[in-house]
Amino acid sequence: MKDTLMTPYAKNTLYIVLIALALRFLWLLLIPVIPVSDSVMYHEFAKSISSGNGYAFPAGNLTAYWPVGTPAIYAFLYTLFGESFFVIAVFNLVVGLLTLVLMMLLARLWFNEPTAYIVGILYAIWPSQIQFTTILASETIFNVFILLGLFFWYRSQSNTISNWIIGTVFFVAAIYVRPIALLIPFILISLSFLRGFDFKQLFSSSIVTVITMTILIAPWAARNYDLFDEFVLISTNGGPVFWMGNNPDSTGEYMPLPKDLEFDSETERADYFKSQAIKHIKEEPGIFAKRLVKRFVDYYRSENIGVNWNIEGIKQQGLEKTVLPLKLISSGYWVLLVLLAIYGAIRIIQSEGLYEAITATPIIALIVYNTALHTIIASGDRYHFPIIPFIGILAAYAAYDFLKKNSLNKTY
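Examining the nonpolar core
Moving on, step 1. Counting 115 residues, the largest nonpolar core has Y74, I146 and L150 as the members making the most contacts within it.
Moving on, step 2. Sorting elements by how many residues they give to this core places helix α5 (residues 85-110) first, with 14 residues.
Moving on, step 3. Contact partners of L150, with chain neighbours within four places excluded, come to L106, W110, F171, L188, P362, L366 and F390.
Moving on, step 4. Counting eight residues, the second-largest nonpolar core is a separate cluster that includes W27, I31, I130 and V307.

Pasting the structure below:
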C-alpha cells in the first residue's frame, strides 16, 4: 500500500531534497546572517517598503536604481513576520529546495530520469548554493523565477496559450529582480520558431507574451515616469554597471561610482555613465577587445562570492581559517562542473547535431546569452549565477553519459 502512495521518482527526489535541506539547515545554524555589500541595501529598501515609505533610500528619497523585486519580496516577509534575518534565511532555504526540484523536473523533461537524479545531487551539495542560504541577494531568487518560467513554458500541455501566459508571468517576476531577463521569452520564441518555422505560432506567442509583459510591467514603469518625468522600465543602474566594465580605470568587474560627480536625477546619472562607456569603447576599441577576453575569463574562473558575502558571519563564529578552504572548494566545484558541462554539450551535439542541440532546449542559448551580456557589460563570479542551473543540467548529462558508456563497456 505504501509503495502506491509515491512513485519511485518522487521517492528518490524526496531523498535528494532531504540531503539538500540538511546541508542548508546546517549552514544556517552555523553561520549567522550579517549583510554586507548589496545585502545591506536590500535590507534597508525592504524596511522602507514594509514601513509604508515606498521604495526609498534610508534618507527617504525614492529610487529605481536597483530593481525593486528582491527588496519587495523581503518587505513582504518583513510585513508578515517582522524584520528578521532568520526569516530571510528560511526563505532562501525554500528557494534553494524549489530550485533543486525545478532543475530535476527540467532535466527529466529535456533528457531523462537518471540525469534528473544526478543534477539533483549536484545541486544539493553545490557549495555556493548552500552558502547563499544566509545571504540577502537577488541571484537565487532570479534563478527560481527563470526556472518556473521555463517549466511552464516547456511542460507538456494541450493549452499552449496558458503555458505562455504563466511562463511569461514568472519571467516578468525575474525581470523585476534582474532586468537581464527581458529578452528571455523572445529567445524561447525564436528557438521554437527555428524548430518548426511555424509563423502562426510565432505571431501568437509573441502577441501573448508582449501583452502579458506590458500588463505586468506598466504599473512600475508608470510609477517611475511619475518619479523621474522620463521613461524607466525597471531600474536606472544599467548605465552605471555598463560604465563599471568600460572606463579607463576599469578592471572589467564591479567598481564603485565616482563620488565627486553630481546629477539632478538618477536618469541623468544613468545617461551620463552610459554615454561615457560608449565613448570609451569607441576611443579604445583595442582595450575593449582585451577586456572582452578578460571578462569572459572572469565570468568562469571562480565562484567565491558565497564565501565573500558571508565573511562577517564566518568571522563572528571564529572560523576565519576556513575562508580559504571554503573558497577553494567552492571554486573547484564550479570549475569541475563547467568542464563537465562542456563535455556534456559536446556529447549532445555529437549525438543530436548542432542545430538540434541548440533548438531542442534553451540550455545552450541561455548560457550563450548570459555569457555574452556580461562579457560586454561587467563580469565576475556573482554574474554567472543565472547560468548555474544550465551548467548543472549539462554537467549531470555528462555524468550520465559517462556512466552509461562505462556500463556498456563493462557489459562487453
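Let's talk about unusual backbone geometry
Moving on, step 1. Positive phi outside glycine occurs at F197, with the angle close to 50 degrees.
Moving on, step 2. In this structure, F197 sits in the loop between α10 (184-196) and α11 (199-228).
Moving on, step 3. Positive phi values are uncommon outside glycine, yet D229 reaches one of about 60 degrees.
Moving on, step 4. Looking at D229, the relative accessible area reads 60%, which means it is exposed.

As for the packing of helix α9 (residues 160-177) against α11
Moving on, step 1. Running from N to C, α9 and α11 cross one another at 40 degrees; their axes reach a closest spacing of 9 Å. Here α9 is positioned oblique relative to α11, judged by the angle of their axes. The hand of the α9/α11 crossing is right-handed. Listed contacts from α11 to I161, W164, I165, T168, V169, V172, I175 and Y176 of α9 are Q201, S204, S205, V208, T209, T212, M213, L216, I217 and W220.
Moving on, step 2. Class assignment for the residues of the contact of α9 with α11 results in twelve nonpolar, six polar and no charged.

A short note on the confidence of the model for the chain
Moving on, step 1. Mean pLDDT for the chain: 94, with 97% of residues reaching 70 or above.
Moving on, step 2. Confidence, read as mean pLDDT per element, is least for helix α1 (residues 2-5) in the chain (56) and greatest for helix α7 (residues 127-131) (98).

Here we look at the pattern of salt bridges
One side chain can pair with another of opposite charge once the charged atoms of both are near each other.
Moving on, step 1. Counting across every chain of the model gives ten salt bridges.
Moving on, step 2. With a shortest N-O distance of 3.8 Å, E253 and K294 are connected by a salt bridge. Taken as a pair, E253 in the loop between α12 (238-245) and α13 (266-283) and K294 in helix α14 (residues 285-300) lie far apart in primary sequence, 41 residues in all.
Moving on, step 3. A relative accessible area of 33% places K294 in the partly exposed class.
Moving on, step 4. One salt-bridge network, held together by shared partners, links E253, K294, D298 and R301.

Some words on a nonpolar patch on the surface
Moving on, step 1. Taken together, I161, I165, V169, F203, I207, I211, I215 and L216 make up a surface patch of nonpolar side chains, about 700 Å² in accessible area.
Moving on, step 2. Breaking the nonpolar patch down by element, the ones donating at least two residues are α9 and α11.
Moving on, step 3. Considering every element that reaches the nonpolar patch, the biggest residue donor is α11, with five residues.
Moving on, step 4. Here I215 lies in helix α11.

Some remarks on the side chain of D298
Moving on, step 1. On the secondary structure map, D298 appears in helix α14.
Moving on, step 2. Here K294 takes part through its side chain, which lies 2.7 Å from a polar atom of the side chain of D298.
Moving on, step 3. In contact with D298, other than residues within four places in its own chain, are T251, E253, S379, G380 and D381.

Calculation criteria
Residues numbered from 1 in each chain as written. Predicted model: local features only at pLDDT ≥ 70, side-chain atom pairs only at ≥ 80, totals over all residues. Heavy atoms only, no water. Core = buried A, V, L, I, M, F, W, Y, C linked by side-chain atoms within 4.5 Å. Buried < 20%, exposed > 50% of the residue type's maximum accessible area, 1.4 Å probe, protein only. Helix = DSSP H or I, 4+ residues; strand = E, 2+ residues; numbered from the N terminus. Contact = heavy atoms within 4.5 Å. Axes fitted to C-alpha atoms, helices over the stretch in contact; angles between N-to-C directions. Parallel < 35°, antiparallel > 145°, perpendicular 65-115°, else oblique. Left-handed = near helix turned anticlockwise from the far one by under 90°. Nonpolar A, V, L, I, M, F, W, Y, C, P; charged D, E, K, R; others polar. pLDDT = per-residue confidence, 0-100. Salt bridge = Lys/Arg side-chain N within 4 Å of Asp/Glu carboxyl O. Patch = residues over 30% accessible without salt bridge, like charges linked within 9 Å, V, L, I, M, F, W, Y side chains within 5 Å. Areas by Shrake-Rupley, 256 points an atom, 1.4 Å probe, with all protein chains shown as cover. Polar contact = N/O pair within 3.5 Å; in protein donor to acceptor, adjacent residues only side chain to side chain.

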